[in-house]
Amino acid sequence: MTAAWTPAADIPDAEDPTLYPVLSPAMVAAISERGACREFAPGDMLFAQGQRNAPFFVVEQGEVVFFDRNRAEQDVYFARVSDGMFIGDTSMFTGEPTVAESRARVRTRVLVLTHEQLRALVREHSEAGDLILRTLMARRAWLEGHGYGQLQILGPRSCPGTYTLREFFGRNQVPFVWRDLETDKDAQAFVEQFELTHQQLPLLIKQGEVHRNPNVADIARCMGLAPQLKTEPYDVVVVGAGPGGLAAAVYGASEGLETVVLDATAPGGQAATSSRIENYLGFTTGISGNELARQGVMQARKFGATMCSPVGVESIQCEGATKTLTLTDGQVIQARAVILATGARYRKLEAENCDRFEGVGLYYAAGHLEAVHCTDAPVAVVGGGNSAGQAAIFLSQHASKVCLVVRRSGLHETMSDYLIRRIVTEPNIEVVTESEVSCLHGGDVLEHVLIRGADGSERKVCCAAIFAMIGAVPQTAWLQGCCGLDEKGFVATGQDAKRHPEFAAHWRRFGEAPEREPHFLETTRPGIFAVGDVRSGSVKRVAAAVGDGAMAVTFAHAFLGEG
C-alpha cells in the first residue's frame, strides 16, 4: 500500500462506451479461464508510467484511476474505471512502455493477464479479442490526441538534434510534445534555469528527468523499446519492417512460424514517411504511411510475431543449418530462414551545402513532422516519382508555394496519372522540368536554393525547406559476401540469383547443393529470401512489397519442410 498517495477529488468517470466498454459475463469468463485473480489495497500501483510488459487487468470489483506523470506542473488524472471494465491501452498488448500510471482508488479485485496471455485471448476468442483490440487502439489514439503520457522535447527548430528526436519518437509511435525554443517563451525560461549552451540542446524530459542532447540509441535503451531476444533459433527472422517485412511477419506468424522482425530505424520503412497513400487496395480515401505501419505492427503482434525496433543487423553468417545474425545492440540470434526486407532509401541530394542544412531545412521525408517547419512558407520538392508527387500535394496544403523540381522533361514517365492530375490543378504548385538543385543558402536555417536548368542557367528560389525524393539506394551494405547483388546493389533472387556469378559458391546447404532451383524470391543462399524494394527488379509500390512478403512466407515454409 502507498499511504502517501492521495488521488485528486475530481477524476472524470469513464463514460464513453467506445473507450471504456463493460465486458459481457461471457467475455469475463473467457478471461478468468486464462488469468489470475488479484486484490489491490487503496493506493496500490497496478502499473507504473513507462513500465514494459505491463499486465492487462479487468476490474471485477472496485475502482482504478489513471494519471499522467510526465507533466512538469503536477500529476494529471484523466479517467477512473469500475466493475466490468478493462485497463490499459496498446502497451498491454505489445509489451512496450506504458504512457500512464494506474492505481487502485479503493480496495479492488481484478483479473490479470500477461501480454502473452492477452495476445492468445485476442487470437482465440474473436468476440472478446476484437472488442479489446479495437478499444486499446482507440484509447491510445485518444491519449495521444489529448497530449497525455507525452515526453517533452525542448529544442529550437534550427537544431538538427531536435528534428532527430522528433523523427525518432514519431516513427516509433512514442507519444511526445515538441516545444520550440525559438517561439515558446515558457520553454525558454525553463531552459535558461540550466544555463545551457547550444551544444547541450535539445532537452528531453521524461518523468521529471532532464536529458541533455540525448543520443537516440541511449534513449531507446533507457526506454526499453527493443525487447531481449532468445538465443534458440527462430523459424523466420525478418530484417526490415517496411510493408514487405510487415506482411511477411503477419503471414509467417499467422501460419504458426515463430517470427521476429528487426528494424534499424522504425516500423513502416520508407512508406511510413508518406503523408497519404491513395492507390492501395481497400482504402478508398487513402491512408497515411504512418497509420498503415501502425496497423501492420498491431496485426503482426496479434498473431504472435516479435517486433524489435530500433535494432539493426550488423552481419549475418550464412553457412550451416541456421543463420547467425549479430545485431547492432550486441545481441546474437539464430534463424532457420531469413527474409530480407531492408528496402531502399532516397539518394542524398548532391548540391552544395547539403550537409549543413540536413534536419534544419533539408529533409528526406514529407510528413506532419516536417510540414510544421514550412507553414505558410515556400518550399521545394526534388523528384519525379510518386513519393515526390505525394509530398508536393501534401505540402501544398501547408506551404504558401511548392516548387517541384524534376530532372526529366515531364512527369508522365515516372509518376502515376492520378497524382499528375492533382498537381496540375493545385494553384500553388509550380513544376520546373529539366532542372536540378545546385546549391542551398541560408544562415541558421535554409533561406533559398539555386535551381540550374539544362542550359546551365540558374534561378534563385526562396524556400524554408527542401524535400529530396530522388532515386533508390538499396540498404544492402551489410550483406556484402552473403548474398549475390546486382550491379546497383539490389539483391538477386530466383532466376537472376541462379545466373549470378556467385551462385555456385553460395548454393549449398549442409555442405551439399539442394536438388532444386531457387524459389522466385530466394537469393543465392538457400533459405534466405528478399522482398520489396531491396529485391532486384522489384516494382516500387507498397502493394507489390506486401505481395512479396506474403509469397516469401510460402517459400520459407517449403524450405523449412526440406529438413
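Residues numbered from 1 in each chain as written. Predicted model: local features only at pLDDT ≥ 70, side-chain atom pairs only at ≥ 80, totals over all residues. Heavy atoms only, no water.

### Focus on the overall build of the protein chain
What counts is decided by this rule: Where helices and strands are cited, they refer to DSSP runs of H or I of at least four residues and of E of at least two residues respectively, numbered from the N terminus. Radius of gyration means the value over C-alpha atoms here, while the globule rule gives 2.2 Å times the residue count to the 0.38 power. Burial status follows relative accessibility: with a 1.4 Å probe on protein chains alone, a residue under 20% of its type maximum counts as buried, one over 50% as exposed, and anything between as partly exposed.
Counting its secondary structure elements, the protein chain contains 16 helices and 29 strands. A compact globule built from 563 residues should have a C-alpha radius of gyration of about 24 Å, and the protein chain, at 25 Å, falls within 12% of that. In terms of overall dimensions, the protein chain has a C-alpha envelope of 80 × 65 × 45 Å along the principal axes. A buried classification covers 56% of the 563 residues belonging to the protein chain.

### A closer look at the packing of aromatic side chains
By convention here, two paired aromatic rings are described through the distance between centres and the angle between planes. Let me state the cut-off plainly: Working definition: rings of Phe, Tyr and Trp (its six-membered ring) pair if their centres are within 6.5 Å, and the pair is stacked with planes under 30 degrees apart, edge-to-face with planes over 60 apart, and tilted otherwise.
This structure, assessed with the given rule, holds 13 aromatic pairs. With centroids separated by 6.0 Å and ring planes inclined at 80°, the aromatic side chains of phenylalanine 40 and phenylalanine 57 adopt a geometry described as edge-to-face. Of this pair, phenylalanine 40 sits in strand 1 (residues 36-40) while phenylalanine 57 sits in strand 3 (residues 56-61), and the two are 17 residues apart along the sequence. Residue class for phenylalanine 57 comes out buried when judged on its relative accessible area of 0%. Note on phenylalanine 78 and tryptophan 142: the rings are 6.0 Å apart at their centroids and 45° apart in plane angle, and the pair reads as tilted. Pair noted here: phenylalanine 78 is in strand 5 (residues 76-81) and tryptophan 142 is in helix 4 (residues 126-145), with a separation of 64 residues, a long-range link. These aromatic residues form a ring-pair network of at least three members: Phe66, Phe78, Trp142 and Tyr148.

### A word on the sheet that holds strand 9 (residues 151-155)
Sheet strands line up and pair through hydrogen bonds in the backbone, either parallel or antiparallel. Formally: The rule for pairing is simple: two strands pair if DSSP sees at least two bridges between them. All axes are obtained by fitting lines to C-alpha atoms, using only the stretch in contact for helices, and the reported angles, taken between N-to-C directions, cover 0 to 180 degrees. We call two residues in contact whenever any of their non-hydrogen atoms come within 4.5 Å of each other.
The sheet built from four strands is open, its strands ordered 10-9-11-12 with mixed pairing. Looking at strand neighbours, the two that pair on one side only are strand 10 (176-180) and strand 12 (209-212), the edges of this open sheet. Here the strands of the sheet are splayed against their neighbours by 20° on average, with no regard to which way each runs. Of the strand pairs in this sheet, strand 9 and strand 11 (residues 203-206) are connected by three bridges, and their pairing is antiparallel. Each residue of the ladder has a partner; that of glutamine 152, found in strand 11, is isoleucine 205. Lying on the sheet, helix 5 (residues 160-171) is in contact with strand 9, strand 10 and strand 11; it crosses strand 9 at an angle near 160°.

### Description of the nonpolar core
Put simply, the rule is: Residues grouped as a nonpolar core are buried Ala, Val, Leu, Ile, Met, Phe, Trp, Tyr and Cys residues, joined through side-chain atoms within 4.5 Å.
Counting 49 residues, the largest nonpolar core has Leu349, Leu395, Leu440, Ile466 and Phe467 as the members making the most contacts within it. With six residues, helix 12 (residues 386-395) is the largest single contributor of residues to this core. Discounting chain neighbours no more than four positions away, the residues touching leucine 349 are Cys354, Leu362, Tyr364, Val382, Leu440, Ile466, Ala468 and Ile470. In this structure, Ala14, Phe57, Val59 and Met92 belong to the second largest nonpolar core, which totals 43 residues.

### Focus: the side chain of glutamate 63
Its place among the elements puts glutamate 63 in the loop between strand 3 and strand 4 (64-68). On the basis of relative accessible area, glutamate 63 is assigned to the buried category, the value being 18%. Residues within four places of glutamate 63 in sequence aside, it is in contact with Arg80, Val81, Arg103, Ala104, Arg105, Val106 and Thr108.

### Remarks on the state of the cysteines
Cysteine pairs can be linked by a disulfide, which is a covalent bond between their two sulfur atoms. We count it as follows: Cysteine sulfurs are considered disulfide-paired once they come within 2.5 Å of each other.
Tallying each qualifying case throughout the model produces one disulfide. For cysteine 374, which is in no disulfide, the shortest distance to another cysteine sulfur is to cysteine 463 and amounts to 10.0 Å. Considering cysteine sulfurs only, cysteine 482 is the nearest to cysteine 483, which forms no disulfide, with 3.6 Å between them. Given the relative accessible area of 2%, cysteine 483 is considered buried.

### Describing unusual backbone geometry
Residues leucine 201 and proline 202 are joined by a peptide bond in cis, for which omega reads 5°. With respect to the secondary-structure elements, proline 202 resides in the loop between helix 6 (185-192) and strand 11. The omega torsion of the bond from serine 309 to proline 310 falls at 5°, within 30 degrees of zero and hence cis. On the secondary structure map, proline 310 appears in the loop between strand 15 (306-308) and strand 16 (313-317). Of note, asparagine 53 is a non-glycine position whose phi angle comes to about 55°, a positive value. Mapped onto the elements of the fold, asparagine 53 is located in the loop between strand 2 (45-47) and strand 3. Positive phi, normally seen in glycine, also occurs at asparagine 353, with a value near 75°. Tracing the backbone shows asparagine 353 in the loop between strand 19 (344-345) and helix 10 (354-357).

### Let's talk about the environment of serine 274
Note the cut-off: Throughout this description, a polar contact denotes any pair of N or O atoms lying within 3.5 Å of each other; where both atoms belong to protein, one of them has to be capable of donating a hydrogen while the other can accept it, and for residues adjacent in sequence the pair is counted only when both atoms sit in side chains.
Its place among the elements puts serine 274 in the loop between strand 14 (259-262) and helix 9 (289-302). Once the C-alpha coordinates of serine 274 and glycine 62 are considered, the two residues, 212 residues apart in sequence, prove to be 45 Å apart. Apart from residues no more than four positions distant in its own chain, serine 274 is found in contact with Ser288, Gly289, Asn290 and Gln390. Side-chain polar atoms of serine 274 contact the side chain of glutamine 390, separated by 3.1 Å.

### With respect to the pairing of strand 14
The test is simple: For a crossover, the right-handed case is the one in which the path from the first strand over the helix to the second runs clockwise, viewed with the strands pointing away from the viewer.
By the alternation rule, side chains of strand 14 split into Thr259 and Val261 and Val260 and Leu262, which are all buried. Alignment of strand 13 (residues 234-239) against strand 14, held across four bridges, turns out to be parallel. Bridging across to strand 14, valine 236 finds its partner in threonine 259. In this region the chain leaves strand 13, passes through helix 8 (residues 243-254) and returns to the parallel neighbour strand 14; the handedness of that crossover is right-handed. The pairing of strand 14 with strand 15 spans three bridges and is classified as parallel. The residue bridging valine 261 from the neighbouring strand is methionine 307, located in strand 15. In this fold, the crossover linking strand 14 to strand 15 by way of helix 9 has right-handed handedness.

### Quick word on the sheet that holds strand 21 (residues 378-382)
What the five strands build is an open sheet, ordered 20-27-21-22-23; its pairing is parallel. Looking along the sheet, the strands with just one partner apiece sit at the ends: strand 20 (362-363) and strand 23 (429-432). As paired elements, strand 21 and strand 22 (residues 401-405) share five bridges and run parallel to each other. The residue bridging valine 381 from the neighbouring strand is leucine 404, located in strand 22. Most of the contacts of helix 12 go to strand 21, to which it runs at about 170°, and overall it touches strand 21, strand 22, strand 23 and strand 27 (465-468).

### Let's talk about the environment of threonine 326
With respect to the secondary-structure elements, threonine 326 resides in strand 17 (residues 323-327). Placed 14 residues apart in sequence, threonine 326 and glycine 312 show a C-alpha to C-alpha distance of 8.8 Å. Contact partners of threonine 326, with chain neighbours within four places excluded, come to Val313, Glu314, Ser315, Gln331 and Val332.

This is a description of form; function is not addressed.
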